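Chains, contacts and geometry: an overview
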Amino acid sequence: RGHHVRLHEASDRLGGQLALALKAGWRRGLQGIIDWLAAELDHLAVPVSFNSYVEPEDLDDVHVVILATGGLPIQELPGGGGELALTAWDVLGEGQRPEGEVLVYDEVGGHGALSMAQLLSDGGASVTFATMDAIPGRDLGAQNKPVYLGALRRRGHTIATDTRLLGISRSGNRIAARLEDRWSRDVSEAEFDAVIVDQGVVPDPSLFEALAPKAANRGRLSLDALADGKPQPIAPGEGAFVLYRIGDALMSRDVHAALYEARRLCTHI
């Protein structure tokens, strides 16, 4: 649309959480999203700086700042012990592959926890998949869910629905998990060699809080303007910039929502 755009990428490659997700078995097709967007950047000659962290003093010549910095995985549990749990980032990003009896706990209902369960099953682990929902993978379509659940069922893994993970603690060289039935409120305890939690992400507010006081709009986004397909009410002034957050930097959501949100915002800049 004629703007001069530059992209600062904190890691050494493009893709963020998509790059993590594609490491889980049959989700490798997600690479196509990254490849297409990267090709568009090349076509438009958008400069990309890798391993690059933006500081407030780097923005003297910028009119619009869009933070798409993602979020950090939520590990806290109501009864404590969340620091003992692994996350999708540990399993997919850092390559940790727990063996033995593994509990995978899901509060998101998407691909993440189920794909990790299948990945660990492929590696020989005995998986217990627990979710607060009545049906595992509540947000998945009819074509995706059977792939996961069929593989887990055929291999004899346990699927526990309507189950809440209250907390975990050390038990010798294992981890004791306290599990609650959603309806009866009965609490049981079981031991595992590892516990993996997928509870979504929470934004890291540090950069936003550093930039918002300097922004003409103080980082505020008009949801009414966004929903109505209109420009945001505050435009950048002389020597000032406007600041926006999209995707998980604002609130945990999936890639479809993040891309749609970015388009609705940027079309009117």
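Note that the structure is a prediction, hence the values are computed from the model and not measured.

About the cut-offs
- Residues numbered from 1 in each chain as written.
- Predicted model: local features only at pLDDT ≥ 70, side-chain atom pairs only at ≥ 80, totals over all residues.
- Heavy atoms only, no water.
- Helix = DSSP H or I, 4+ residues; strand = E, 2+ residues; numbered from the N terminus.
- Expected span 1.5 Å × (residues − 1).
- Buried < 20%, exposed > 50% of the residue type's maximum accessible area, 1.4 Å probe, protein only.
- Arc of directions from axis to C-beta.
- Contact = heavy atoms within 4.5 Å.
- Polar contact = N/O pair within 3.5 Å; in protein donor to acceptor, adjacent residues only side chain to side chain.
- Pairing = 2+ DSSP bridges.
- Axes fitted to C-alpha atoms, helices over the stretch in contact; angles between N-to-C directions.
- Left-handed = near helix turned anticlockwise from the far one by under 90°.
- Patch = residues over 30% accessible without salt bridge, like charges linked within 9 Å, V, L, I, M, F, W, Y side chains within 5 Å.
- Areas by Shrake-Rupley, 256 points an atom, 1.4 Å probe, with all protein chains shown as cover.
- Salt bridge = Lys/Arg side-chain N within 4 Å of Asp/Glu carboxyl O.
- Lys, Arg positive; Asp, Glu negative; His and termini not counted.
- Charge placed at Lys NZ, Arg CZ, Asp CG, Glu CD.
- pLDDT = per-residue confidence, 0-100.
- Core = buried A, V, L, I, M, F, W, Y, C linked by side-chain atoms within 4.5 Å.

**What about helix 8 (residues 255-266)?**
Three or four residues apart is the spacing at which side chains of an α-helix point the same way, because the helix has 3.6 residues per turn. Taking 1.5 Å of rise per residue, 12 residues should cover 16 Å, and helix 8 covers 16 Å from first to last C-alpha, within 8% of that figure. Buried within helix 8 are the following residues: Glu261, Ala262 and Leu265. End-on, the buried residues of helix 8 take up no more than an arc of 100°, which puts them together on one face. Across helix 8 from its buried face, at more than 90 degrees, point the exposed residues His256, Tyr260 and Arg263. On its buried side, helix 8 packs onto helix 7 (223-228) and strand 13 (242-245). At the N-terminal end of helix 8, a side-chain oxygen is found 3.2 Å from the backbone nitrogen of histidine 256, two or three residues along, and the residue is aspartate 254.

**Quick look at the sheet that holds strand 7 (residues 158-160)**
Read from one edge of the open sheet, four strands run 7-6-5-11, paired in parallel fashion. For this open sheet the edge positions go to strand 7 and strand 11 (194-198), each flanked by a neighbour on one side alone. The average angle at which neighbouring strand axes cross in this sheet is 15°, direction not considered. The pairing of strand 6 (residues 126-131) with strand 7 spans three bridges and is classified as parallel. Counted as the bridge partner of threonine 128 is threonine 158 from strand 7.

**Quick look at the packing of helix 4 (residues 111-122) against helix 5 (residues 145-154)**
Where helix 4 contacts helix 5, the axes come no closer than 10 Å and their chain directions differ by 35°. Every pair of crossing elements has a handedness; the one defined by helix 4 and helix 5 is left-handed. Across the interface between the two elements, His111, Leu114, Ser115, Ala117, Gln118 and Ser121 of helix 4 pack against Val147, Tyr148, Leu149, Ala151 and Leu152 of helix 5.

**Topic: the sheet that holds strand 9 (residues 174-181)**
An order of 8-9-10 is seen for the three strands of this open sheet, with the pairing classed as antiparallel. In this open sheet, the two strands that pair with only one neighbour each are strand 8 (163-171) and strand 10 (187-192). Within the sheet, the average angular offset between the axes of one strand and its neighbour, ignoring direction, is 25°. Pairing of strand 9 with strand 10 involves six bridges; the strand directions are antiparallel. Counterpart to alanine 177 in the pairing with strand 10 is alanine 190.

**A word on a negative patch on the surface**
Negative charge collects at one region of the surface, where Glu55, Glu57, Asp58 and Asp60 lie side by side. Counting through the fold element by element, glutamate 57 comes out in the loop between strand 2 (48-49) and strand 3 (64-67).

**Observations concerning the confidence of the model for the protein**
In this model, the protein carries an average pLDDT of 90, and 97% of its residues clear a pLDDT of 70 or more. Across the protein, element-level confidence peaks in strand 9 with a mean pLDDT of 98 and bottoms out in helix 1 (residues 17-21) with 76.

**Some remarks on the environment of glycine 247**
Here glycine 247 shows up in the loop between strand 13 and helix 8. Sequence separation between glycine 247 and alanine 68 is 179 residues; the distance between their C-alpha atoms is 6.2 Å.

**Describing the nonpolar core**
Judged by nonpolar contacts, the single largest core of 23 residues is most densely connected at Val102, Val104, Leu114, Leu120, Phe129 and Ile196. Breaking this core down by element, the ones donating at least two residues are helix 3 (88-93), strand 5 (101-106), helix 4, strand 6, helix 5 and strand 11. It is helix 4 that contributes the most residues to this core, six residues altogether. Excluding residues that lie within four positions of it along the chain, leucine 120 makes contacts with Arg97, Pro98, Val102, Val104, Ala125, Val127 and Ile196.

**Points about a nonpolar patch on the surface**
A contiguous nonpolar patch, built from Trp36, Leu37 and Leu259 and spanning about 310 Å² of accessible area, is present on the exposed surface. Positionally, tryptophan 36 belongs in helix 2 (residues 31-43).

**Some remarks on the pattern of salt bridges**
Enumeration over the complete set of coordinates arrives at 12 salt bridges. Note that aspartate 61 and arginine 6 form a salt bridge whose closest N and O atoms lie 3.5 Å from each other. Here the residue aspartate 61 occupies a position in the loop between strand 2 and strand 3, and arginine 6 occupies one in the segment before strand 1 (7-8), the gap between them amounting to 55 residues. Judged by relative accessible area, which is 41%, arginine 6 ranks as partly exposed. Each of Glu101, Arg174, Glu191 and Asp193 takes part in one network of salt bridges that share partners.

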